Amino acid sequence: MTVRAALRGIGHYLPERIVENSEFEAWVDTSDEWIRARSGIERRHFAADGELTSDLAIKAAEAALSDAGMTGDQIDAVIVATSTPDTTFPAVATIVQSALGITKGFAFDVQAVCAGFVFAMANADALILSGQAKRVLVIGAETFSRIMNWQDRTTCVLFGDGAGAVVLEAQEGTGGPEDAGILATDLNSDGRYRDLLYVDGGVSSTQSAGVLVMQGKEVFRHAVEKLAQTADTALEKAGLTADDVAWVVPHQANSRIITKTAQKMGVPMERVVLTVQNHGNTSAASIPLALSVANEGGKFAPGDLLVMEAIGGGLAWGAVVLRL
Ligand code: UT7
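Since we're looking at a predicted model, the values are computed, not measured.

What counts and how
Numbers given for residues are sequential positions, taken from 1 along each chain in its written order. The predicted nature of this model means local features are confined to residues of pLDDT at least 70 and side-chain atom pairs, given and counted, to a pLDDT of 80 or more, with totals for whole chains, interfaces and linings taken over all residues. In computing side-chain properties, one takes all heavy atoms of the structure into account and sets aside hydrogens as well as water. Each helix is a run of H or I in the DSSP string that is no shorter than four residues. Each strand is a run of E no shorter than two, and both are numbered from the N terminus. The cut-offs for exposure are 20% and 50% of the maximum accessible area for each residue type, with area from a 1.4 Å probe on protein chains only; residues under the lower value are buried, those over the upper are exposed, and the others partly exposed. Axis definition: a line fitted to C-alpha atoms, limited for helices to the stretch in contact. Angles are taken between N-to-C directions and run from 0 to 180 degrees. Note on angle classes: values under 35 degrees are labelled roughly parallel, values over 145 roughly antiparallel, values of 65 to 115 roughly perpendicular, and the remainder oblique. What makes a crossing left-handed is the near helix being turned counterclockwise from the far one by less than a right angle; a clockwise turn instead makes it right-handed. Every residue pair with non-hydrogen atoms within 4.5 Å of one another is taken to be in contact. Each residue gets one label: Ala, Val, Leu, Ile, Met, Phe, Trp, Tyr, Cys and Pro are nonpolar, Asp, Glu, Lys and Arg are charged, and the others, such as Gly, are polar. Two strands qualify as a pair provided DSSP detects at least 2 bridges between them. Domain extents, as shown, originate in an automatic or database domain assignment. Summed over both partners, the accessible area (1.4 Å probe) lost when two parts come together is defined as the buried area. Polar contacts, as used here, are pairs of N or O atoms within 3.5 Å; protein pairs need one atom able to donate a hydrogen and one able to accept it. Residues neighboring in sequence count only if both atoms are side-chain atoms. One heavy atom within 4 Å of a molecule or strand is enough for the residue carrying it to be called near that molecule or strand. All accessible-area figures derive from a Shrake-Rupley calculation using a 1.4 Å probe, and residue coverage is judged against the displayed protein chains alone. Seen with the strands pointing away from the viewer, any crossover whose path from the first strand over the helix to the second strand runs clockwise is right-handed. A pairing counts as a salt bridge when a side-chain nitrogen of Lys or Arg comes within 4 Å of a carboxyl oxygen of Asp or Glu. Working definition: the arc comes from the directions between the helix axis and the C-beta atoms, pointing outward to the latter. Take the buried residues of types Ala, Val, Leu, Ile, Met, Phe, Trp, Tyr and Cys, join any two whose side-chain atoms come within 4.5 Å, and each joined set is a nonpolar core.

Once that is clear, we can look at the environment of Gly266. Topologically, Gly266 is positioned in the loop between helix H7 (255-265) and helix H8 (276-279). For Gly266, a relative accessible area of 45% gives the class partly exposed.

Turning to the packing of helix H6 (residues 216-237) against H7, a few remarks are in order. At a minimum axis distance of 9 Å, the contact between H6 and H7 shows a crossing angle of 40°. Judged on the interaxial angle alone, H7 and H6 are oblique. When you trace H6 past H7, the crossing you get is right-handed. Only Arg256, Ile257, Lys260, Thr261, Lys264 and Met265 of H7 make contact with H6, whose side of the interface consists of Phe220, Ala223, Val224, Glu225, Leu227, Ala228, Ala231, Asp232 and Leu235. For the contact of H6 with H7, the class distribution of residues is 9 nonpolar, 1 polar and 5 charged.

With that out of the way, let us pick up the sheet that holds strand E13 (residues 316-323). The 4 strands lie next to each other as E8-E13-E12-E11, forming an open sheet whose pairing is mixed. Strands with a single pairing partner mark the edges of an open sheet, and in this sheet they are strand E8 (181-189) and strand E11 (247-250). Ignoring strand direction, the axes of neighbouring strands in this sheet form an average angle of 15°. By the bridge criterion, 4 bridges tie E11 to strand E12 (residues 305-312) in an arrangement that is parallel. For Val249, the partnering residue across the bridge sits in E12 and is Met308.

Taken domain by domain, the protein chain holds domain 1 (2-173) and domain 2 (181-323). Computed from C-alpha atoms alone, the centre-to-centre distance between domain 1 and domain 2 is 14 Å. Of the residues lining the interface, 51 residues belong to domain 1; the matching set on domain 2 comes to 46 residues. At the boundary of domain 1 with domain 2, total buried surface from both sides reaches about 3,800 Å², with 67% on carbon and sulfur atoms. Remark: the boundary between domain 1 and domain 2 carries 14 residue pairs in polar contact (both at pLDDT 80 or more). Only strand E1 (2-13), helix H1 (32-39), strand E3 (43-46), helix H4 (116-129), strand E6 (135-143) and strand E7 (161-173) provide two or more residues apiece to the side of domain 1 that touches domain 2. Ranked by the residues each element gives to the side of domain 1 that touches domain 2, the list is headed by E1, at 8 residues.

With that settled, the discussion passes to the site of the ligand. Around the ligand, the surrounding shell holds 22 residues, and the nearest of these are Thr30, Arg38, Lys217, Asn254 and Asn281. The contact in question runs from an oxygen atom of the ligand to an N or O atom on the side chain of His251, over 2.8 Å. Alone, the ligand offers 950 Å² of accessible surface; in the complex the protein occludes 74% of this. The biggest single contributor to the shell around the ligand is H6, with 4 residues. Each residue belonging to the shell around the ligand can be placed in one class, and the counts come to 11 nonpolar, 6 polar and 5 charged. Lining the shell around the ligand are residues from two domains, each supplying at least three of them: domain 1 (2-173) and domain 2 (181-323).

With that settled, consider the pairing of strand E4 (residues 77-81). Burial runs high along E4: 5 of the 5 residues are buried. Taking every second residue as pointing to the same face, both faces of E4 are buried, with Ala77, Ile79 and Ala81 on one and Val78 and Val80 on the other. Where the polypeptide runs from E4 across helix H3 (residues 92-99) and back to strand E5 (residues 106-110), its parallel neighbour, the crossover connection is right-handed. As paired strands, E4 and E6 are joined by 5 bridges and run parallel to one another. Looking at E6, one finds that Ile79 is bridged to Val138.

This paragraph deals with the pattern of salt bridges. Note on pairing: side chains with opposite charge can pair once their charged atoms come close. Using the criterion set out here, one finds 14 salt bridges in the structure. Residue Arg221 pairs with Glu218 through a salt bridge whose shortest N-O separation is 2.9 Å. Placement of the pair is Arg221 and Glu218 together in helix H6, with a separation of 3 residues, close to one helical turn. Salt bridges sharing partners connect three or more residues here, namely Glu20, Asp32, Arg36, Glu42 and Arg43.

The next point concerns H3. Among the residues of H3, those classed as buried are Val92, Ala93, Val96 and Gln97. For H3, the angular spread of buried residues about the axis comes to 145°, placing them on one side. Those residues of H3 that are buried lie in contact with helix H2 (53-68), E4, E5 and E6. Immediately beyond the C-terminal end of H3, within one or two residues, lies Gly101, with a positive phi of roughly 75°.

With that settled, consider the nonpolar core. In terms of nonpolar packing, the biggest core is built from 39 residues, with Met121, Val138, Val166, Leu168, Leu291 and Met308 touching the most fellow members. For this core, the leading source of residues is H4, giving 8 residues. Shared between two domains, this core holds at least three residues of each, these being domain 1 (2-173) and domain 2 (181-323). With residues up to four places along the chain from it excluded, the contact list for Met121 reads Val138, Val166, Leu168, Ile182, Met308, Val320 and Leu322. Core analysis: the second largest hydrophobic core is formed by 29 residues, Phe46, Met214, Phe220 and Ile257 among them.

See below:
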């Protein structure tokens, strides 16, 4: 008998305020046409003043629990992937935990920037497989609008706010690739590339939050090279190939990266979930947001094989292979 981390519920939350590309034309030298052509982004959501990452995370978590037909007291562990926590500490996960009325188990944050949700899923899988938790709430939640340099047209038009969440539960499997649940994960990072995408402030250095700095072209080049690689590796670990994939659920940073990665994997775009046009890049929230929107749109069927892949600051990148 093998234990698998099976997907029980999916949910998301997007802040009310929608910002169209054209709004940026008022304060930086850009255009709706450029943003659409170079990134695929048309609009994004921004959190309201006083609306915190934990607020978004809690709403997404409630939606995922409701989809799973569960209540907070059934959850043993809460993991939040975020690079934009409410405060330096405690972990956003503990704020979510208490808002959901959970007083047992444990809660912690994972910081792997845009790859955060994939890293959090791999952590949740390991906790379930080792018997330390039976039901884990995994959340990706971000308020990247708080770390934008509004004078930098090369970055401020790309990011958005939001949160997505899933509930994973231990379930018996055969150990084969036909099982439901997480079948394989692949995690990577290479700190030599940390200057390609970073925030220029922090507790220990400047005692302030800082703003995002990115060498977009270089990150683009690494993304195209590394994403298909990690997805293929994860599929190979699961004993599967791209032909078995029903849906790729990629990190939503740039539609050109998503298309090139799908081409390299040999998966047609009809089998790729694309939400970047409506959400922008929401970092660790982007994959669970895409999952939830696709789920609500009725795209998924039981038994479907999903591949999630992401890359972000660090650089950190990875993939999760999961059967519904
Ligand atoms: O989520 C973490 C991972 N992040 C990513 O995956 C992001 C990866 N990178 C990208 O998505 C793309 O590199 C960008 C969308 C950021 C940029 O697209 P690009 O095709 O690489 O454009 P570029 O940086 O080469 O810029 C082309 C031109 C430049 O002008 P010159 O030097 O050719 O005269 C830029 O100054 O476009 C200019 N430009 C803009 N023009 C209008 C840059 N930003 C803008 C803008 N509006 N917002």
